[in-house]
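Observations on the model geometry
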Amino acid sequence: MTTLAAPTAVAELLRRQRAYWNTGATRSLDFRLAQLKALRTAIVQHQAEIIDAAKRDLGRPEFEGYIEVAVISEIDYVIKHLRRWAKPRKASLALSQRPGSAWVQPEPLGVVLVIGPWNYPFQLIISPLIGAIAAGNCAILKPSELAPATSAVLVQLIETTFDPAHITLVEGGVDTAQALLAERFDHIFYTGGERVGKIVMQAAAQHLTPVTLELGGKSPCIVDADVNLEVAARRIVWGKCLNAGQTCVAPDYLLVDERIKAELVAALQQRIQACYGENPAQSPDYSRIVNDRQFDRLVGLLGQGTVLVGGDHNRDDRYIAPTLIDGIGWDDPIMQEEIFGPLLPILTYRDLDDAIAAVNQRPKPLALYLFSRDRQVQTQVIDRTTAGSMCLNDVVVQVAVWNLPFGGVGSSGMGSYHGQYSFDTFSNLKSVLKKPFWLDVDWRYPPYQDKVKVFRKLIGLS
Ligand code: NAD
């Protein structure tokens, strides 16, 4: 672990990593696989501390703490497929470009920076790291200062597992992040809010460093009339209350066919009670809000509309009950920002076209959910809306499908990762064309004379 006191400390870290990268050690697939296995072993060894840290940072129940540890399944997936992904990818050649051969050769980028948020503070540092290692890079990690217990576990785990010239971790807040961002990296992978995303992109622009921005936003959840209400309610309540709503892909608000609103609200209420009891504050399975600032922001959003269920809160404990809110309009403040907490506004629509239009008028979401058995409705929503990811008849779980890319679009982010998408994100997909000497046709060389005719034909003009 490094505590950065001065810009020279950052520069020194980078110098060491660049020197190591230049040795070529990280290019070997055996090396990468060994590092991934070491990372897996370390996570398994530290699992109790990781879960305990999630509890201390966010009041997370043990079950939800295991979501952090679940990154080992991504490591297993990557280990299984890495040799195939790293192989040259053959590309075919048009007749006019032959003889020759062409391929895409994945190669590491160099030294990358990973900056993480506080809500899944372990997983959102380790998951990008898996991709960075798999692709053969060195990496500097900067976890969130707002999840200090997890940050401390990460320090220990990274320090005891990796050579700091290969992978190192720097603890700290905004100053540390900015000191790191002032340096030239080969890629910056940032997970967090939109405001800081812009700061990161601006800093990266000074060095023309490519960025992956995993941001947030308001993820709509449309509920059509043709659903299994009970199952829909089970899944929605789970996805919204997981980590007390502090999940980037949590359904932010419901957009419900007005004909089933009353029944859906009843089913949601029943589910909240079934999961967390009469008083969720006493449930061992319900998390807390990360800090007073977030708590005050969320409580500030409670003054709008009519609370149907929940609404009670306690600042000493940073507890906010799972809360269903009715009577919200699109212009209310709660609809202007990502909620990122256990408040669920319920808006309605009469006509699916109106619901689609309303969603499309707003910034492109990170995730979009639709509950419907009706295939036509499904097709309409898939074809006429946009989002980083979509999930039909469930919420959140699309992020655990390692062979789907995970990322945002528009203001919810740029670039994607997970599985092979991580490997590609942290690789330069270098094009290689190889020509033999044995044939060298004359048509492209001056003097051109009447070769224009041949060229026109070759490019598809008559
Ligand atoms: P944040 O942007 O406040 O902080 C994230 C990181 O940025 C932290 O490490 C922090 O130290 C650093 N940072 C903060 N201010 C900075 C500054 N001025 N300059 C440079 N670095 C700075 O985000 P957060 O509050 O930790 O996370 C919540 C947000 O992250 C939500 O919007 C959520 O939707 C989003 N999120 C997205 C994903 C995803 O995968 N797309 C996952 C989790 C969270």
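Summary of the structure given here. (Residues numbered from 1 in each chain as written. Predicted model: local features only at pLDDT ≥ 70, side-chain atom pairs only at ≥ 80, totals over all residues. Heavy atoms only, no water.)

1. A few points about the nonpolar core
- Counting residues in each nonpolar core, the largest one holds 107 residues, and the members touching the most others are L39, I43, I126, L129, V223 and L254.
- Considering every element that reaches this core, the biggest residue donor is helix α6 (residues 123-134), with eight residues.
- Here this core gathers at least three residues from each of two domains, domain 1 (2-215 + 413-429) and domain 2 (220-404).
- In this structure, L13, Y20, F31 and I140 belong to the second largest nonpolar core, which totals 24 residues. (Core = buried A, V, L, I, M, F, W, Y, C linked by side-chain atoms within 4.5 Å. Buried < 20%, exposed > 50% of the residue type's maximum accessible area, 1.4 Å probe, protein only. Helix = DSSP H or I, 4+ residues; strand = E, 2+ residues; numbered from the N terminus. Domains from an automatic or database assignment.)

2. Re the pattern of salt bridges
- Counted according to the given criterion, the structure contains 22 salt bridges.
- Note that R60 is salt-bridged to E68, the shortest N-O span being 2.8 Å.
- Residue D326 is joined to K261 by a salt bridge in which the shortest nitrogen-to-oxygen separation is 2.7 Å. Note that D326 is positioned in strand β14 (residues 323-326) and K261 in helix α11 (residues 261-276), a separation of 65 residues in sequence.
- The structure contains a network of salt bridges with shared partners spanning R18, R184 and D186. (Salt bridge = Lys/Arg side-chain N within 4 Å of Asp/Glu carboxyl O.)

3. Details of the packing of helix α13 (residues 352-360) against helix α14 (residues 375-384)
- For the pair α13 and α14, the least separation of the axes is 11 Å and the interaxial angle reads 25°. Our classification of the angle between α13 and α14 gives roughly parallel. As α13 runs across α14, the sense of the crossing is right-handed. Residues L352, D353, I356 and N360 of α13 touch α14, and the partners they reach there are V377, Q380, V381 and R384.
- Here the contact of α13 with α14 is composed, by residue class, of four nonpolar, two polar and two charged. (Axes fitted to C-alpha atoms, helices over the stretch in contact; angles between N-to-C directions. Parallel < 35°, antiparallel > 145°, perpendicular 65-115°, else oblique. Left-handed = near helix turned anticlockwise from the far one by under 90°. Contact = heavy atoms within 4.5 Å. Nonpolar A, V, L, I, M, F, W, Y, C, P; charged D, E, K, R; others polar.)

4. Observations concerning the packing of aromatic side chains
- For the coordinates displayed, the defined rule picks out ten aromatic pairs.
- When the centroid spacing of 6.0 Å and the interplanar angle of 40° are considered together, the rings of F406 and Y417 count as tilted. Here F406 is found in strand β18 (residues 406-407), whereas its partner Y417 is found in strand β20 (residues 416-417), with eleven residues between them in sequence.
- Given a relative accessible area of 1%, Y417 falls into the buried group. (Phe/Tyr/Trp six-rings, centres within 6.5 Å; stacked < 30°, edge-to-face > 60°.)

5. Overview of the pairing of strand β7 (residues 187-191)
- With respect to burial, β7 is a largely interior element, five of its five residues being buried.
- Side-chain alternation along β7 places H187, F189 and T191 on one buried face and I188 and Y190 on a second face that is also buried.
- In terms of strand pairing, strand β4 (residues 111-115) meets β7 through four bridges, oriented parallel. When the sheet's bridge partners are listed, V112 is paired in β7 with H187.
- Note that β7 and strand β8 (residues 211-214) share four bridges and pair parallel. Paired with F189 across the bridge in β8 is T212. (Pairing = 2+ DSSP bridges.)

6. Some points on the state of the cysteines
- A complete count under the given rule lists zero disulfides for this structure.
- Left unpaired, C275 is separated from the closest cysteine sulfur, that of C241, by 7.3 Å. (Disulfide = S-S within 2.5 Å.)

7. Considering the sheet that holds strand β21 (residues 427-434)
- As summarised here, the arrangement of the three strands in space is β2-β3-β21, forming an open sheet in which the pairing is antiparallel. The sheet is open, and its two edges are formed by β2 (89-91) and β21, each paired on a single side. The average angle at which neighbouring strand axes cross in this sheet is 30°, direction not considered.
- Examined bridge by bridge, strand β3 (residues 101-108) and β21 share eight bridges and lie antiparallel to one another.

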